[in-house]
Amino acid sequence: MHAMMLNAIGTPLAWTELPERQPGPGEIRVKVTACGVCRTDLHVVDGELAHPRVPVIPGHEIVGRIDAIGPGVEGHRIGERVGVPWLGHTCSICPYCRSGRENLCDAPGFTGYTHDGGYATAVIADARFAFPLGEQGDDVALAPLLCAGLIGWRALAMAGDARTLGLYGFGAAAHIIAQVARWQGRSVFAFTRPGDTASQDFARQLGAAWAGSSDDTPPEALDAAIIFAPVGALVPAALKAVRKGGRVVCAGIHMSDIPSFAYSLLWEERQLVSVANLTRQDGIEFLGLAPNIGIVTRTTTYPLQEANRALSDLREGRFDGAAVLVP
Ligand SMILES: [Zn+2]
Ligand SMILES: [Zn+2]
C-alpha cells in the first residue's frame, strides 16, 4: 500500500510505500476510493492538537470498500462500501461511553490522529466504527459528509431550535450544514473572512438569506450561531450577533485564543458551548437523513500524491466547499 505520511510535525507529507497490513480481531481493511481533507488535518500536521503522534497517516473522511475482514467481525462483508470517520475507537466502559456520550470517551482512538487514516490506498479500521454507506451517491461527493457533515450535524443539533442561524466560516462544514438548515426551514446567515465575496456568493447560492463579513452586523438578531472557523476573535463577534438567550456553538477541535470581552456580551442568558467529536448515533442519524435532504457537496479533487497541495489550498482558502483526495 501507499500513503502520504506525516513523519514530523510541521513537515510536508511524504509519499511512502508500506507493507500491506492485515486486519486484526474486530478490524476491517478498507481499500480507499476517496478521502476528504478536513481542517483538523491541518491541526494534526501543525501539531496543534493535545497529543501529537508521528509518524501518522492523516485523513478521517474516508470512503472505500472492504477488502479484508479480521476475526470476530460481524455485520460487514467483502466489497461493502463503508465510511470511516474521525471517531475510530472508544473504550465502551468509561462513564461517558456508558451514558451515550462516547464522543467524550476517556480513552478514544481517532482516525488520522491516534490511528493511521485515509491519506492512503488502504486503511485498517475498527469495524464497529465504520458506517455502511449503501450504493447511492458518488464516493467523492460522500467523503465530506464523514466529518464536515457529521460534526456539522452535531453542532446544528447543539444549536437547538434556532430559526435564524449564523454560520461563521463558510467552508466544507458550513456548505453542508447550510443545506441541512434550509431543509429544516431555518434562515441561514453566512459570515466569511472580510472581502471573501466568492464565498459569500457561494453561500447565497446555497440558500443563505444573507451573507457578509464576520465583522458585519446581520440584518436580524440570530437565535444561534455556529463557529466553524478556528478563529477565537469570532466568539465575541458571534455573541454580539445572537439575541438574548441565544447560543454560540464552537464546532472546531482547535481555535486560536479567545480575546477578552465584556460580560455584557454573555449576559442575558446567552450561552457559549463547544462540540467535540461525534457519536456513532450522530452518524447513523445524519447519514440516514442525508439522501432525503439532497445535499450537494462541492468538491475539488486532488490525486492522493498531491495531498500537500490540497492542505495548502485549504489553509489559504483557495477553493469553496471541500477538497477530496483520490488514490
Ligand atoms: Zn469510553
Ligand atoms: Zn474532520
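Computed from a prediction, not measured in an experiment: that's the story for all the values here. (Residues numbered from 1 in each chain as written. Chains lettered and ligands numbered in written order. Predicted model: local features only at pLDDT ≥ 70, side-chain atom pairs only at ≥ 80, totals over all residues.)

Let us now look at the overall build of the protein. What the protein contains, in helices and strands, is eight helices and 17 strands. On C-alpha atoms alone, the protein measures out to a radius of gyration of 19 Å, which is about the 20 Å that the 2.2 N^0.38 rule sets for 327 residues. The buried share among the 327 residues of the protein stands at 48%. (Helix = DSSP H or I, 4+ residues; strand = E, 2+ residues; numbered from the N terminus. Rg over C-alpha atoms; globule rule 2.2 N^0.38 Å. Buried ≥ 20, exposed ≤ 12 C-beta atoms within 10 Å, placed from the backbone.)

What follows concerns the domain arrangement of the protein. By the assigned domains, the protein splits into domain 1 (2-135 + 297-326) and domain 2 (149-274). Centre-to-centre separation of domain 1 and domain 2, based on C-alpha positions: 27 Å. Listed by partner, the interface residues are twelve residues for domain 1 and 13 residues for domain 2. Top element by residues in the side of domain 1 that touches domain 2 is helix 1 (residues 39-46). It accounts for three residues. Looking at side-chain class alone, the side of domain 1 that touches domain 2 contains three nonpolar, five polar and four charged residues. (Domains from an automatic or database assignment. Contact = placed C-beta atoms within 7 Å. Nonpolar A, V, L, I, M, F, W, Y, C, P; charged D, E, K, R; others polar.)

Attention shifts here to the packing of helix 3 (residues 148-158) against helix 4 (residues 172-183). The contact between helix 3 and helix 4 brings their axes to 8 Å, and the two run at 55 degrees. It follows from the interaxial angle that helix 3 and helix 4 lie oblique. Between helix 3 and helix 4 the crossing geometry is right-handed. The segment helix 3 lies against helix 4, with Ala148, Gly149, Ile151, Gly152, Trp153 and Leu156 engaging Ala172, Ala173, Ile176, Ile177, Val180 and Ala181. Here the residues of the contact of helix 3 with helix 4 sort into ten nonpolar, two polar and no charged. (Axes fitted to C-alpha atoms, helices over the stretch in contact; angles between N-to-C directions. Parallel < 35°, antiparallel > 145°, perpendicular 65-115°, else oblique. Left-handed = near helix turned anticlockwise from the far one by under 90°.)

What follows is about the sheet that holds strand 15 (residues 271-274). Hydrogen bonds between backbone atoms are what pair the strands of a sheet, whose relative direction is either parallel or antiparallel. Here we have six strands laid out as an open sheet, ordered 12-11-10-13-14-15, and parallel in their pairing. The open sheet has two edge strands, strand 12 (210-213) and strand 15, and neither has a second partner. Within the sheet, the average angular offset between the axes of one strand and its neighbour, ignoring direction, is 20 degrees. Sheet topology places strand 10 (residues 164-168) next to strand 13 (residues 222-227); four bridges connect them, and they run parallel. The residue bridging Leu167 from the neighbouring strand is Ile226, located in strand 13. (Pairing = 2+ DSSP bridges.)

Every α-helix winds through 3.6 residues per turn, so residues three or four apart in the chain are directed the same way. Summarising burial for helix 3: nine of the eleven residues are buried, a large majority. In the segment just after helix 3, Gly160 is the residue with positive phi, at about 70 degrees.

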